[in-house]
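Listed below, chain by chain, are the residues.
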Amino acid sequence: MAKITKKEVEHVSRLARLELSDEEKETFTKQLNNILTYVEKLNELDTKDVEPTSHVLQIQNIFKEDEIRESLPRERALSNAPDRTDEFYRVPKIIE
Amino acid sequence: MKKTGSSDKGLHTLTIHHASELLKSRKISSRELIESIFSRIDKTEKKIKAYVTITSDEAIKTSEEADRILHDSRFTIHDSRLLLGIPLAIKDNICIDGIRATCSSKILENFIPPYDSTVTKRLKDAGYILLGKTNMDEFAMGSSTENSAFGHTRNPWDLDRIPGGSSGGSAAAVASDECIAALGSDTGGSIRQPAACCGVVGLKPTYGRVSRYGLVAFASSLDQIGTITKDVEDSAILMNIIGGHDPLDSTSADIPLPDFRKALNKDIKGLRVGIPEEYFIEGMDKEVEQAIREAIKVIEGLGAKAVKISLPHTGYAVATYYILATSEASSNLARYDGVKYGFRTEKNNDLLDMYMKTRNQGFGNEVKRRIMLGTYALSSGYYEAYYRKAQQVRTLIKKDFEDAFKGIDVIVTPTSPTPAFRIGEKVEDPLQMYLSDIFTISVNLAGVPAISIPCGFSSINLPIGLQLIGRHFDEETILKVAYAYEQSTEWHKRKPDL
């Protein structure tokens, strides 16, 4: 049975904000199915009482003093913008 | 063994420690060294294509500054700038202020970082010279450097073969003497596997040992910057410089940094070396297996004791990794939206359309595939089955190592199941490509350090790599064993015929 259908691939591509051509949808449906079938092997393991690991080091939240420090100057922060106006990033119209 | 070019002194073949000695005793100048590297690049880069960007003018200027300092009457050989006048290459996912960083992706083709990564800041303080930025698999996703938007890098030992990946440019540059040493990054084997494929030394430090500030994120709980060098001593030298706590990376560990160079003595008598049975599997290349078994004999000959061990969950590492790494990647790469930096598509109906098209045109195939897999694994209804399950198996894999290290000091395995494969051989089948990382991935999941060193050649003269894995924050032991092995063998001295 297919793990992931072409319809689901379309749904996921919208979630990922990633347009896919029809050809890409076909290829990814096939390839993701292969990979997900392989990943199935994790279910051979009983992990009922196993804690998940999100991070290998035992670290706590790191807090900093609330002090004003030097930060990236605006002009430098904007220097890579594909489109800008004055001190703003410019994007296509959002509100009608 | 191939002799280096007779027209010059072959300075490009030098290691950091040797070059530094010659520079500090004023037997050579930094300018001579850099010119030797550039004439090497002129000769071999057309074949290898290790670099995305070469910063020649800046490099020459920096070498002249270095020479002024080196020839100043106040300069002493005890100067603390360990890399004064030494040219290095940096993987293109590490940010340097004012130097284009593409991650070998079209989406960052024109991105100029406005700040320095901590590692390159530290290298600069130590006096290094930047040669350029090296090619890689796009966003470090791949095992062959074929997933670069700017062309393939080729293996210096056989130009029809891959150099490994994702730090393939760095490894190929070191192996072909197009630099003295390089930095790479390793999320699932991306330093060690290319080092093995190219016959050089690659160290992935413990997670948290080296600051990730300024490293373009792929999978943040697995990514780690490390070194690719011509020998083990150079690896220790660079670790002394780039390692240690950094307040700018809240996941960098606040624990003291040892002097790794002091760990380099040949005395490994009594050390217990674990050989995991799961790493000697059916289908493994016979010549690789033989080289590893020979290497183990050499290590035993030096007085270490080999012990059979088991890392029972090894077979689940690749599946675990491809869920966790892609999930983290799908989140990390959400930032490439065509707004703040990087590529933006031209004609857009609205904002959503701009996001969708920019990302479609900006990312290559493998990156898209991983974003899709990761988004799927994190999506509603699948999170528990995939992401959480993989996190639990990660706990088991990590525990395998903790249990094993109760009885041993270091683990020895092959770095890769085969020597370098042919360009194009695995591009059609992503799963086969993923399986080439089978021996390196567990190390990232557990967060432990590991080094790959040359340990032999196949019958068609392709390098084979030996992997040494250590306890958390015990790079010293793997460096020590690597050094002892290297000093009693000649593999690291071989050079490709270019």
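Below, the structure is looked at part by part. Just so we're clear, the structure is a prediction, and the values are computed from it rather than from any experiment.

**Quick word on the overall build of chain A**
- Along chain A, the regular secondary structure elements total 3 helices and 2 strands.
- For chain A, the N- to C-terminal ordering of α and β elements is α-α-α-β-β.
- Relative to the 2.2 N^0.38 estimate, which gives 12 Å for 96 residues, the radius of gyration of chain A is 23 Å and therefore markedly larger than a compact globule would have.
- Put simply, chain A has 96 residues, and 30% of those count as buried.

**Some points on helix α4 (residues 118–125) of chain B**
All names here are of chain B.
- Of the positions making up α4, those classed as buried are Thr118, Val119, Thr120, Arg122 and Leu123.
- Buried residues in α4 make contact with β2 (87–91), β4 (181–186), β6 (224–229) and α7 (232–242).
- Just beyond α4, the residue with positive phi is Gly127, at close to 95°.

**Overview of the side chain of Glu486(B)**
All names here are of chain B.
- Position of Glu486 relative to the elements: it lies in helix α15 (residues 475–487).
- Comment: no salt bridge for buried Glu486; closest opposite-charge side chain is Lys493, at 8.7 Å.
- Side-chain polar atoms of Glu486 contact the backbone nitrogen of Val232, separated by 2.9 Å.
- Discounting chain neighbours no more than four positions away, the residues touching Glu486 are Val201, Asp231, Val232 and His492.

**Regarding the sheet that holds strand β9 (residues 410–414) of chain B**
Residue and element names in this part refer to chain B.
- Spatially, the 11 strands line up as an open sheet ordered β1-β3-β2-β4-β6-β5-β10-β11-β9-β7-β8, and their pairing is mixed. Taken across any chain shown, the strands that pair with only one partner, and hence form the sheet edges, are β1 (51–54) and β8 (305–309). Ignoring which end each strand starts from, the neighbouring axes of this sheet average 30° apart.
- When β2 meets strand β3 (residues 129–134), the two strands line up parallel, connected through 5 bridges. What sits directly across from Lys91, in β3, is Thr134.
- Along the sheet face, α7 touches β2, β4, β5 (201–204), β6 and β10 (450–457) and points at about 145° away from the line of β6.
- Against the sheet, α15 touches β5, β9, β10 and β11 (463–469), its axis set at about 15° to β10.

**A look at the packing of aromatic side chains**
All names here are of chain B.
- In this structure the tally under the stated criterion is 15 aromatic pairs over all chains.
- Their ring planes at 50° and their centres at 5.7 Å tell us that Tyr376 and Tyr386 sit as a pair that is tilted. Residue Tyr376 is found in helix α11 (residues 365–378), and its partner Tyr386 is found in helix α12 (residues 383–404); the two are separated by 10 residues along the sequence.
- For Tyr376, a relative accessible area of 2% puts it in the buried group.
- Ring plane angle 40° and centroid distance 5.3 Å describe the contact between Tyr383 and Tyr387, whose orientation is recorded as tilted. Of this pair, Tyr383 and Tyr387 both sit in helix α12, 4 residues apart, which is roughly one turn of that helix.
- A network of ring pairs unites the aromatic residues Phe111, Phe139, Tyr336, Tyr341 and Phe363 as a single cluster.
- Above the plane of the ring of Phe343 lies Lys106, whose end atom (NZ or CZ) is 4.7 Å from the centre.

**Describing the packing of helix α9 (residues 317–332) of chain B against α11(B)**
Residues and elements named next belong to chain B.
- Look at α9 against α11: their axes get within 7 Å of each other, and the N-to-C directions meet at 100°. The pairing of α9 with α11 is recorded here as roughly perpendicular in orientation. Contact residues: α9 offers Tyr322, Ile323, Thr326, Ser327 and Ser330, while α11 offers Arg370, Ile371, Leu373, Gly374, Thr375, Ala377 and Leu378.
- In terms of residue class, the contact of α9 with α11 is made up of 6 nonpolar, 5 polar and 1 charged.

**What about unusual backbone geometry?**
Residues and elements named next belong to chain B.
- Of the consecutive residues Gly165 and Ser166, the connecting peptide bond is found in the cis state with omega at 10°.
- Tracing the backbone shows Ser166 in the loop between β3 and α5 (168–175).
- Phi is positive for Arg26, which is not a glycine, with a value near 60°.
- You can see Arg26 is positioned in the loop between α1 (16–24) and α2 (30–48).
- We classify Arg26 as partly exposed; its relative accessible area is 38%.
- With a phi close to 55°, Cys103 is a non-glycine residue in the positive phi region.

Here is what the cut-offs are and how they apply
- Residues numbered from 1 in each chain as written.
- Chains lettered and ligands numbered in written order.
- Predicted model: local features only at pLDDT ≥ 70, side-chain atom pairs only at ≥ 80, totals over all residues.
- Heavy atoms only, no water.
- Helix = DSSP H or I, 4+ residues; strand = E, 2+ residues; numbered from the N terminus.
- Rg over C-alpha atoms; globule rule 2.2 N^0.38 Å.
- Buried < 20%, exposed > 50% of the residue type's maximum accessible area, 1.4 Å probe, protein only.
- Contact = heavy atoms within 4.5 Å.
- Lys, Arg positive; Asp, Glu negative; His and termini not counted.
- Salt bridge = Lys/Arg side-chain N within 4 Å of Asp/Glu carboxyl O.
- Polar contact = N/O pair within 3.5 Å; in protein donor to acceptor, adjacent residues only side chain to side chain.
- Pairing = 2+ DSSP bridges.
- Axes fitted to C-alpha atoms, helices over the stretch in contact; angles between N-to-C directions.
- Phe/Tyr/Trp six-rings, centres within 6.5 Å; stacked < 30°, edge-to-face > 60°.
- Lys NZ or Arg CZ within 6 Å of the ring centre and 35° of its normal.
- Parallel < 35°, antiparallel > 145°, perpendicular 65-115°, else oblique.
- Nonpolar A, V, L, I, M, F, W, Y, C, P; charged D, E, K, R; others polar.

From the geometry alone we can't say anything about function, so treat these as descriptive.
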